[in-house]
Amino acid sequence: MKVRVQKLHPDAQLPRIATAGAACFDIQTIEHARVEEFGSCAIRTGLAFEVPAGHVLLVFSRSGHGFKNGLRLANCVGVIDSDYRGELMVKLHNDKALPFEFEPGDRIAQALILPLPVFELEWSDGLTATDRGAKGFGSTGNA
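Residues numbered from 1 in each chain as written. Predicted model: local features only at pLDDT ≥ 70, side-chain atom pairs only at ≥ 80, totals over all residues. Heavy atoms only, no water.

J.: So what exactly am I meant to see when it comes to the nonpolar core here?
T.: For soluble globular proteins, nonpolar side chains are generally found buried alongside one another. One finds Ile27, Phe49, Leu57, Val59, Leu92, Phe102 and Ile108 to be the most contacted residues of the largest nonpolar core, which totals 24 residues. Within the residue set of this core, elements represented by two or more residues are β2 (25-28), β3 (33-35), β4 (40-44), β5 (47-50), β6 (55-60), β7 (71-73), β9 (89-94) and β11 (107-115). Ranked by residues supplied to this core, first place goes to β11 with four residues. When neighbours within four sequence positions are excluded, Ile27 is seen to be in contact with Pro15, Thr45, Phe49, Leu88, Asp106, Arg107, Ile108, Ala109 and Ala111. (Core = buried A, V, L, I, M, F, W, Y, C linked by side-chain atoms within 4.5 Å. Buried < 20%, exposed > 50% of the residue type's maximum accessible area, 1.4 Å probe, protein only. Helix = DSSP H or I, 4+ residues; strand = E, 2+ residues; numbered from the N terminus. Contact = heavy atoms within 4.5 Å.)

Here it is as structure tokens:
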């Protein structure tokens, strides 16, 4: 499958998969950005994606940012629908008391494209019984 990517800014970089075993491709910024301590910052990528019909593009934090720098996506996971054609923006939140800075070309997030199942929601008067039933959080173990 080929996915069309539009370059909206001259400094935008085509995302790439870093290693043969990587699940996601890296997203880079086109601008200098500073995520203030305990603050958030929306960062431009200069890219728009043509996600194929029946698929979704999911954007995630980079593991190293979370473990090393206390950075995470402000909305946890970005969901880019197949009919969206605008610029991919990444909003990062800083959980540390130190600001963090990005330079143009730095990797700021990772993303993957997944197929979506086709399904239909319908009303029902009841649901199939299970051993767990409607037991709440922690009901499957000793939490």
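J.: Which parts of the structure should I look at to understand the sheet that holds β4?
T.: Working definition: the strands of a sheet are paired by backbone hydrogen bonds and lie parallel or antiparallel to each other. Here three strands make up an open sheet; going across it, the order is β4-β9-β7 and the pairing antiparallel. With partners counted over all chains shown, the strands left at the sheet margins are β4 and β7, one partner each. Taken pair by pair, the neighbouring strands of this sheet meet at an average axis angle of 35°, ignoring direction. Judged from the three bridges that link them, β7 and β9 form a sheet pairing that is antiparallel. Paired with Leu71 across the strands is Asn94, a residue of β9. (Pairing = 2+ DSSP bridges. Axes fitted to C-alpha atoms, helices over the stretch in contact; angles between N-to-C directions.)

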